[in-house]
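# Reading the structure
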Amino acid sequence: EDDMRAGYYRPMYYHTLKAGLDAEGNLVAWKHVIVGQSILSGTAFEGFLVKNGIDATSVEGAANLPYAIPNLAVELHTPTIGVPVQWWRAVGSTHTAYATECFLDEVARAAKKDPFELRRSLLAKHPRHRAVLELVAQQAGWGQAKPGIARGIAVHESFNTFVAQVVEVSGSESSLKIERVVCAVDCGVAVNPNIIAMQMESGIGYGLAAALDGAITLKDGIVEQSNFHDYPVLRMNQMPRIGVFIVPSAEKPTGVGEPGTPVIAPALAHAILALQGQSIRVP
């Protein structure tokens, strides 16, 4: 109880995004405004990772968006709030991946394009993003209908590791079931494939716990949650089947402990959008 109410917390961020499409439905403009606390303020990292008032971790995954959009603007506002914050598994990508990937799904619907094909067409200059996207789509059978199943897809790079995931869901809003997660990862040379798979599975479970149940709320300046009865983590019976597929690579090996986490929430939100036709704006 003391730890739950006296620690550092994942910062709350607010994102607004706008996109412009031409007459053929091509994505030609993208504006992304981010508002949230700096996790580096007051730490030893502030001196070299905060430049001109910009916390690099607040905009990572957004300012370096891989999609080929000719007009791209990212704006950051960093308020000071009384809640003590620090990093969470995958750092800035934990919120930027959700915002950018979920919004791209909405753009795909507006343009009447397949979410996988739209992503693929925008990644011609980023072959490693494209490779994991194509591999996960192939392994998940993207485009092949399964009765009662809706799918969502997302791709993101963090810590120089590229991850794409497909989530399959069934049921309804009141009885949603995550049937399966398919994950493709390019982390350079696969030194130990078993550890890579385990870290992807772990990151997926961690991200699902936050997306489904995890929430810290405050009342009169005090954290309301105190233990796992009111801050639930993912249970064994909630863990979906997971398949992990590794892209063969001769690139130098990179990290696998965090990059599996940011992708799962937007892929899940996209699956829910496909199932129910309703966007999930709060991860």
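In this numbering scheme, every chain counts its residues from 1 along its sequence in written order. Reporting of local features is limited, given that this is a predicted model, to residues whose pLDDT is at least 70; pairs of side-chain atoms are given and counted only at 80 or more, and all residues count toward the totals for whole chains, interfaces and linings. Only hydrogens and water are set aside when side-chain values are computed; all heavy atoms of the structure are taken into account.

We count a stretch as a helix when DSSP gives it H or I for four or more residues in a row; a strand needs E for two or more, and each element gets its number in order from the N terminus. Given a helix with a known number of residues, its expected span is that number minus one, times 1.5 Å. Helix length check: helix H8 (residues 261-276) (16 residues) gives 24 Å between terminal C-alpha atoms against 22 Å at 1.5 Å per residue, within 8%. With 13 of 16 residues buried, H8 is to be regarded as a mostly interior element. Directly beyond the C-terminal end of H8, a positive phi value near 75° is found at glycine 277. For each residue, the accessible area found with a 1.4 Å probe, counting protein chains only, is set against the maximum for its type, and the residue is called buried under 20%, exposed over 50%, and partly exposed in between.

On the surface, a cluster of nonpolar side chains totalling about 320 Å² of accessible area is made up of Phe45, Phe48 and Trp87. A residue is classified by how much of its surface remains accessible, and phenylalanine 45, at 36% relative accessible area, is partly exposed. For patch detection, residues must exceed 30% relative accessible area and be free of salt bridges, and they are connected within 9 Å for like charges or within 5 Å for nonpolar side chains (Val, Leu, Ile, Met, Phe, Trp, Tyr). For every accessible area listed, the method is Shrake-Rupley and the probe measures 1.4 Å; residues are considered covered only by the protein chains on display. One side-chain nitrogen of Lys or Arg within 4 Å of one carboxyl oxygen of Asp or Glu is enough to make a salt bridge.

So, about the packing of helix H7 (residues 193-212) against H8. In contact at an axis separation of 8 Å, H7 and H8 are set at 50° when each is read in the N-to-C sense. The angle between H7 and H8 falls in the class oblique. Between H7 and H8 the crossing geometry is right-handed. Counted together, Gly203, Ile204, Tyr206, Gly207, Leu208, Ala211 and Leu212 of H7 and Thr261, Ile264, Ala265 and Leu268 of H8 form the full contact between these two elements. Lines are fitted to the C-alpha atoms to define the axes, a helix being fitted only along its stretch in contact, and any angle between axes, read from their N-to-C directions, falls within 0 to 180 degrees. Roughly parallel means an angle under 35 degrees; roughly antiparallel means over 145; roughly perpendicular covers 65 to 115; every other angle is labelled oblique. Each crossing gets its handedness from the near helix: less than a right angle anticlockwise from the far helix is left-handed, clockwise is right-handed. Residue contacts are counted whenever heavy atoms from the two residues lie within 4.5 Å of one another.

Two strands make a pair as long as DSSP finds a minimum of two bridges between them. What the three strands build is an open sheet, ordered E1-E2-E5; its pairing is mixed. Strand pairing shows two members of the sheet lacking a second neighbour, strand E1 (13-21) and strand E5 (71-77), which therefore form its edges. For this sheet the average axis-to-axis angle between neighbouring strands, irrespective of direction, equals 10°. Where E1 meets strand E2 (residues 27-36), nine bridges bridge the pair, whose relative direction is antiparallel. Residue pairing in the sheet places glycine 20 in a bridge with alanine 29 of E2. The strands touched by helix H4 (residues 93-111) within the sheet are E1 and E2, with E1 carrying the most contacts at an inclination of about 30°.

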